[in-house]
Amino acid sequence: MEILEEKEYAAMPRIGDLAPAFKAITTQGEINFPSDYKGNWVIFFSHPADFTPVCTSEFMTFASMEDKFEKANCKLVGLSVDGLYSHIAWLRTIQEKIKFKGMENIEVKFPLIEDISMEIAKKYGMIQPNEDTTKAVRAVFFIDPTGIIRAIIYYPLSLGRNFDELYRVLIGLKTSDEFDVATPADWVPGDHVIIPPAGSCGVAKGRMDGQEEGLDCKDWFFCTKELDKKTILEKVLRLES
Ligand code: BEZ
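Anyway, here's the lowdown on the structure attached to this text. (Residues numbered from 1 in each chain as written. Predicted model: local features only at pLDDT ≥ 70, side-chain atom pairs only at ≥ 80, totals over all residues. Heavy atoms only, no water.)

With that settled, the discussion passes to helix 3 (residues 84–97). Over its 14 residues, helix 3 runs 20 Å from end to end, which matches the ideal 20 Å to within 8%, given 1.5 Å per residue. Three or more residues of helix 3 are buried, namely Leu84, His87, Trp90, Leu91 and Ile94. What you see down the axis of helix 3 is that its buried residues fit within an arc of 130°, all on one side. Turned more than 90 degrees away from the buried face of helix 3, the exposed residues are Tyr85, Glu96 and Lys97. (Helix = DSSP H or I, 4+ residues; strand = E, 2+ residues; numbered from the N terminus. Expected span 1.5 Å × (residues − 1). Buried < 20%, exposed > 50% of the residue type's maximum accessible area, 1.4 Å probe, protein only. Arc of directions from axis to C-beta.)

This is the structure we're talking about:
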């Protein structure tokens, strides 16, 4: 297989960058991104094409979880290189006809961007020409309330995303911000969290001598502590009173 050289597709935003700005037409009207979302987390994601089965299963799953993301102060914004009328027709078909894994009559309420020129998709590195030159891959950008990209995940065309994992990533990022901790492999709320590494020999010694209460140190550089699920969820979710 011939591998295409990167030319006009080269620029890709990275973790820590400000999310590149754009104005777009969507199924929910015009948006200015990311400024319209200031103060909220956003998951900005692309899909290869309307009226395709994997994308349909993804949209049904994501739309059925929208309230859950909303409670975590996170808005969803989709994009494909299809036009607005294709988007509208596809979303209507999903709601009227498609049943999948117990889901039916699913209304996609979050905005779906039309990007026929591929301008936005290229800006975000969503067109990966050795996978496909005219369809966006399944990219996922987690953008924080100040407009900074905090995590990026890419999937190929053939693989549907795991939306529980996307939710876990969001809660993990928010937990790190709120509690100044890191989260270990396969972490879910309620598991031990990792505290920042010792920054001096004195702190390292103190931790190993048990001077910091509540820490479980496997070694000076690997200390965890309890952070209970209720405390996390009270901070990172909007809970009804
Ligand atoms: C799909 O969503 O089913 C799909 C889209 C593009 C290529 C392959 C599968």
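Back to the text.
With that settled, the discussion passes to the packing of aromatic side chains. Applying the stated criterion to the full structure yields 19 aromatic pairs. Here Phe33 and Phe44 contribute two aromatic rings whose centre-to-centre distance is 5.0 Å and whose plane-to-plane angle is 45°, an arrangement assigned as tilted. Residue Phe33 is found in strand 2 (residues 29–33), and its partner Phe44 is found in strand 3 (residues 41–46); the two are separated by 11 residues along the sequence. Among the residues examined, Phe33 registers a relative accessible area of 2% and is labelled buried. Overall, Phe44 belongs to the buried group, its relative accessible area being 0%. Ring geometry for Phe44 and Tyr124: centres 4.9 Å apart, planes at 85°, overall edge-to-face. With Phe44 in strand 3 and Tyr124 in the loop between helix 4 (119–123) and strand 6 (138–143), this pair connects stretches of sequence that are 80 residues apart. Both residues of the pair, Phe44 and Tyr124, belong to the buried class. Stacked on the ring of Tyr167, the Lys or Arg Lys68 has its end atom at 4.4 Å from the ring centre. (Phe/Tyr/Trp six-rings, centres within 6.5 Å; stacked < 30°, edge-to-face > 60°. Lys NZ or Arg CZ within 6 Å of the ring centre and 35° of its normal.)

Interhelical geometry of helix 1 (residues 53–64) versus helix 3 gives an angle of 70° and a closest axis separation of 11 Å. Here helix 3 runs roughly perpendicular to helix 1, going by the angle between their axes. Helix 3 is crossed by helix 1, and the crossing has right-handed handedness. Contact with helix 1, carried on its side by Cys55, Thr56, Phe59 and Met60, involves Trp90, Leu91 and Ile94 of helix 3 and no other residues of that element. Counted by class, the contact of helix 1 with helix 3 contains 6 nonpolar, 1 polar and no charged residues. (Axes fitted to C-alpha atoms, helices over the stretch in contact; angles between N-to-C directions. Parallel < 35°, antiparallel > 145°, perpendicular 65-115°, else oblique. Left-handed = near helix turned anticlockwise from the far one by under 90°. Contact = heavy atoms within 4.5 Å. Nonpolar A, V, L, I, M, F, W, Y, C, P; charged D, E, K, R; others polar.)

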